[in-house]
Amino acid sequence: MSVIKEVIGKENLMPYQKISMGKRKKIALIAHDNKKPDLVEWADFNKDILSQHSLLATGTTGEMLSRELGLEVTRFESGPLGGDQQIGARITEGFIDFLVFFWDPLEPHPHDPDVKALLRIAVVWNIPLACNRASADFMISSPLMSEEYDRLLIDYKSRMEKRYIT
Ligand SMILES: O=C(CO)COP(=O)(O)O
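Residue positions are given per chain, counted from 1 along the sequence in the order it is written. Thresholds applied to this predicted model are a pLDDT of at least 70 for local features of residues and 80 or more for the giving and counting of side-chain atom pairs; totals over whole chains, interfaces and linings are not thresholded and use all residues. Only hydrogens and water are set aside when side-chain values are computed; all heavy atoms of the structure are taken into account.

Under an unreviewed UniProt entry, the protein chain has the name Methylglyoxal synthase and belongs to Candidatus Hakubella thermalkaliphila. UniProt positions are given in the numbering used here, feature names are shortened, and annotations may be inferred rather than shown by experiment. Annotation of the protein chain in UniProt includes, under Sequence similarities (unreviewed entry), the sentence "Belongs to the methylglyoxal synthase family." Word for word, the UniProt comment on the protein chain under Function (unreviewed entry) is "Catalyzes the formation of methylglyoxal from dihydroxyacetone phosphate."

Below is the structure:
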(Lines give C-alpha, C1' and ligand atoms only; values in the text may rest on other atoms or scores of the structure.)
Protein backbone atom coordinates (compact mmCIF):
# COMPACT_ATOMS: atom_id res chain seq x y z
CA MET A 1 0.00 0.00 0.00
CA SER A 2 1.35 3.43 -0.88
CA VAL A 3 0.76 6.43 1.35
CA ILE A 4 2.43 8.85 -1.03
CA LYS A 5 -0.03 11.43 -2.25
CA GLU A 6 1.81 13.16 -5.07
CA VAL A 7 5.19 14.13 -6.41
CA ILE A 8 5.97 17.83 -6.28
CA GLY A 9 8.97 19.96 -7.13
CA LYS A 10 10.21 22.20 -9.88
CA GLU A 11 11.99 20.89 -12.94
CA ASN A 12 15.73 20.51 -12.34
CA LEU A 13 15.24 20.79 -8.59
CA MET A 14 14.95 17.81 -6.29
CA PRO A 15 11.45 16.34 -6.69
CA TYR A 16 9.63 15.43 -3.50
CA GLN A 17 6.84 13.11 -2.57
CA LYS A 18 4.28 14.32 -0.08
CA ILE A 19 2.63 12.43 2.77
CA SER A 20 -0.13 14.15 4.70
CA MET A 21 -0.43 13.94 8.47
CA GLY A 22 -3.78 14.76 10.03
CA LYS A 23 -4.35 16.94 13.09
CA ARG A 24 -4.65 13.79 15.16
CA LYS A 25 -1.19 12.26 14.99
CA LYS A 26 -0.42 8.57 15.31
CA ILE A 27 2.33 8.63 17.90
CA ALA A 28 4.54 5.65 18.74
CA LEU A 29 6.09 5.69 22.22
CA ILE A 30 8.97 3.40 23.16
CA ALA A 31 11.49 3.33 25.97
CA HIS A 32 14.19 0.91 26.99
CA ASP A 33 13.98 -0.28 30.58
CA ASN A 34 16.37 2.29 32.10
CA LYS A 35 14.52 5.05 30.27
CA LYS A 36 10.97 3.98 31.08
CA PRO A 37 10.66 6.18 34.20
CA ASP A 38 11.77 9.14 32.08
CA LEU A 39 9.15 8.40 29.41
CA VAL A 40 6.35 7.83 31.93
CA GLU A 41 7.19 11.12 33.66
CA TRP A 42 7.31 12.94 30.31
CA ALA A 43 4.02 11.38 29.18
CA ASP A 44 2.39 12.27 32.50
CA PHE A 45 3.43 15.91 32.11
CA ASN A 46 2.08 15.93 28.54
CA LYS A 47 -0.93 13.70 29.16
CA ASP A 48 -3.52 16.23 27.98
CA ILE A 49 -1.80 16.71 24.64
CA LEU A 50 -1.07 13.02 24.19
CA SER A 51 -4.69 12.05 24.82
CA GLN A 52 -5.71 14.13 21.78
CA HIS A 53 -3.72 11.78 19.54
CA SER A 54 -3.62 8.05 18.80
CA LEU A 55 -0.95 6.32 20.84
CA LEU A 56 0.89 3.13 20.01
CA ALA A 57 3.76 1.46 21.85
CA THR A 58 5.90 -1.60 22.20
CA GLY A 59 4.56 -4.13 24.72
CA THR A 60 6.02 -3.23 28.08
CA THR A 61 6.18 0.50 27.43
CA GLY A 62 2.51 0.48 26.41
CA GLU A 63 1.55 -1.56 29.43
CA MET A 64 3.27 0.94 31.76
CA LEU A 65 1.69 3.96 30.08
CA SER A 66 -1.79 2.42 30.35
CA ARG A 67 -1.37 1.16 33.88
CA GLU A 68 0.33 4.21 35.40
CA LEU A 69 -1.33 7.01 33.45
CA GLY A 70 -4.56 5.48 32.21
CA LEU A 71 -3.70 6.35 28.61
CA GLU A 72 -5.32 4.39 25.80
CA VAL A 73 -2.45 2.75 23.95
CA THR A 74 -2.40 0.21 21.12
CA ARG A 75 0.27 -2.29 22.05
CA PHE A 76 2.59 -4.29 19.87
CA GLU A 77 4.98 -7.06 20.93
CA SER A 78 7.72 -6.25 23.38
CA GLY A 79 10.83 -4.82 21.69
CA PRO A 80 13.04 -7.93 22.03
CA LEU A 81 10.20 -10.02 20.55
CA GLY A 82 9.83 -7.90 17.42
CA GLY A 83 7.91 -4.82 18.60
CA ASP A 84 10.43 -2.39 17.08
CA GLN A 85 10.06 -4.16 13.74
CA GLN A 86 6.28 -4.01 13.93
CA ILE A 87 6.45 -0.26 14.56
CA GLY A 88 8.93 0.15 11.69
CA ALA A 89 6.55 -1.70 9.36
CA ARG A 90 3.65 0.55 10.41
CA ILE A 91 5.77 3.65 9.70
CA THR A 92 6.46 2.31 6.20
CA GLU A 93 2.76 1.66 5.68
CA GLY A 94 1.86 5.17 6.82
CA PHE A 95 0.03 4.13 9.99
CA ILE A 96 2.48 5.85 12.35
CA ASP A 97 3.65 9.40 11.82
CA PHE A 98 5.51 10.40 14.96
CA LEU A 99 8.04 8.53 17.10
CA VAL A 100 9.26 9.15 20.62
CA PHE A 101 11.91 6.55 21.37
CA PHE A 102 13.96 6.95 24.53
CA TRP A 103 16.60 4.34 23.71
CA ASP A 104 19.32 3.60 26.19
CA PRO A 105 22.79 4.69 25.03
CA LEU A 106 24.52 2.89 27.92
CA GLU A 107 23.22 -0.68 27.56
CA PRO A 108 23.58 -3.26 24.80
CA HIS A 109 20.38 -5.10 23.87
CA PRO A 110 19.84 -8.46 22.15
CA HIS A 111 17.67 -6.68 19.56
CA ASP A 112 20.07 -3.80 18.78
CA PRO A 113 19.77 -4.48 15.00
CA ASP A 114 15.99 -3.96 15.29
CA VAL A 115 16.52 -0.68 17.15
CA LYS A 116 18.89 0.53 14.48
CA ALA A 117 16.48 -0.54 11.74
CA LEU A 118 13.61 1.33 13.37
CA LEU A 119 15.65 4.53 13.74
CA ARG A 120 16.70 4.21 10.13
CA ILE A 121 13.17 3.72 8.84
CA ALA A 122 11.97 6.77 10.81
CA VAL A 123 14.58 8.84 8.96
CA VAL A 124 13.74 7.27 5.58
CA TRP A 125 10.07 8.25 5.99
CA ASN A 126 10.89 11.66 7.48
CA ILE A 127 8.74 11.31 10.55
CA PRO A 128 9.39 13.47 13.62
CA LEU A 129 11.71 11.47 15.87
CA ALA A 130 12.64 12.31 19.46
CA CYS A 131 15.26 10.15 21.14
CA ASN A 132 15.57 12.15 24.33
CA ARG A 133 13.41 14.20 26.59
CA ALA A 134 14.53 17.63 25.44
CA SER A 135 13.76 16.78 21.80
CA ALA A 136 10.40 15.35 22.84
CA ASP A 137 9.64 18.57 24.78
CA PHE A 138 10.39 20.73 21.77
CA MET A 139 8.39 18.50 19.44
CA ILE A 140 5.29 18.17 21.55
CA SER A 141 5.12 21.92 22.20
CA SER A 142 5.29 22.71 18.48
CA PRO A 143 2.18 24.42 17.06
CA LEU A 144 2.34 21.79 14.30
CA MET A 145 1.14 19.17 16.79
CA SER A 146 -2.43 20.37 16.32
CA GLU A 147 -2.15 21.17 12.61
CA GLU A 148 -2.25 19.16 9.45
CA TYR A 149 1.25 18.74 8.08
CA ASP A 150 2.73 17.50 4.82
CA ARG A 151 5.86 15.47 5.22
CA LEU A 152 8.16 15.76 2.26
CA LEU A 153 10.15 12.78 1.08
CA ILE A 154 12.92 12.68 -1.43
CA ASP A 155 11.49 11.02 -4.54
CA TYR A 156 12.95 7.62 -3.71
CA LYS A 157 11.04 5.96 -6.56
CA SER A 158 12.94 7.84 -9.29
CA ARG A 159 16.16 7.24 -7.38
CA MET A 160 15.53 3.48 -7.25
CA GLU A 161 14.59 3.40 -10.94
CA LYS A 162 17.87 5.14 -11.81
CA ARG A 163 19.78 2.51 -9.85
CA TYR A 164 18.30 -0.27 -11.94
CA ILE A 165 18.92 1.49 -15.28
CA THR A 166 22.68 2.00 -14.76
O1 LIG B 1 12.93 -2.92 23.70
C2 LIG B 1 12.24 -1.98 23.40
C3 LIG B 1 12.62 -1.11 22.29
O4 LIG B 1 13.77 -1.52 21.61
C5 LIG B 1 11.03 -1.65 24.15
O6 LIG B 1 10.26 -2.79 24.37
P7 LIG B 1 9.27 -2.84 25.60
O8 LIG B 1 8.38 -1.64 25.50
O9 LIG B 1 8.48 -4.11 25.45
O10 LIG B 1 10.12 -2.81 26.82
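Caption draft 1: Spotlight on helix H5 (residues 112-124). End to end, H5 covers 18 Å across 13 residues, agreeing with the expected 18 Å (1.5 Å per residue, within 8%). Among the residues of H5, Asp 114, Val 115, Leu 118, Leu 119, Ile 121, Ala 122 and Val 124 are the ones counted as buried. Secondary structure counts use DSSP, requiring at least four H or I residues in a row for a helix and at least two E residues in a row for a strand, with both numbered from the N terminus. An expected span of 1.5 Å times one less than the residue number is assigned to each helix. Burial classes: relative accessible area under 20% of the type maximum marks a residue as buried, over 50% as exposed, and values in between as partly exposed (1.4 Å probe, protein chains only).

Caption draft 2: Geometry of a nonpolar patch on the surface. Where nonpolar side chains cluster on the molecular surface, the patch consists of Met 14, Tyr 16 and Leu 152 and spans about 260 Å² of accessible area. Note that Tyr 16 resides in strand E2 (residues 16-21). Like-charged residues within 9 Å of one another, or nonpolar side chains (Val, Leu, Ile, Met, Phe, Trp, Tyr) within 5 Å, are grouped into patches, provided each residue has over 30% relative accessible area and no salt bridge. Note that accessible areas follow from Shrake-Rupley with a 1.4 Å probe, and for residues the cover is restricted to the protein chains shown. In the sections that follow, a salt bridge refers to a side-chain nitrogen of Lys or Arg positioned within 4 Å of a carboxyl oxygen of Asp or Glu.

Caption draft 3: Examining the packing of helix H1 (residues 36-45) against helix H3 (residues 59-69) more closely. It is the contact of H1 with H3, at a shortest axis distance of 10 Å, that shows an interaxial angle of 45°. As judged from the angle between their axes, H1 and H3 are oblique. Here H1 runs over H3; the crossing is right-handed. Residue-level inspection shows Lys 36, Leu 39, Val 40, Ala 43 and Asp 44 of H1 in contact with H3, the latter providing Thr 60, Thr 61, Met 64, Leu 65, Glu 68 and Leu 69. Residues of the contact of H1 with H3, tallied by class, amount to six nonpolar, two polar and three charged. Each axis is a line fitted through C-alpha atoms, taken for helices only over the stretch in contact, and angles between the N-to-C directions span 0 to 180 degrees. Roughly parallel covers angles under 35 degrees, roughly antiparallel covers those over 145, roughly perpendicular covers 65 to 115, and oblique covers all other angles. Crossing handedness is defined as follows: a turn of the near helix away from the far one that is anticlockwise and smaller than a right angle gives a left-handed crossing, while the clockwise case is right-handed. Should any heavy atoms of two residues lie within 4.5 Å, those residues are considered in contact. Put simply, Ala, Val, Leu, Ile, Met, Phe, Trp, Tyr, Cys and Pro go in the nonpolar bin, Asp, Glu, Lys and Arg in the charged bin, and everything else, Gly too, in the polar bin.

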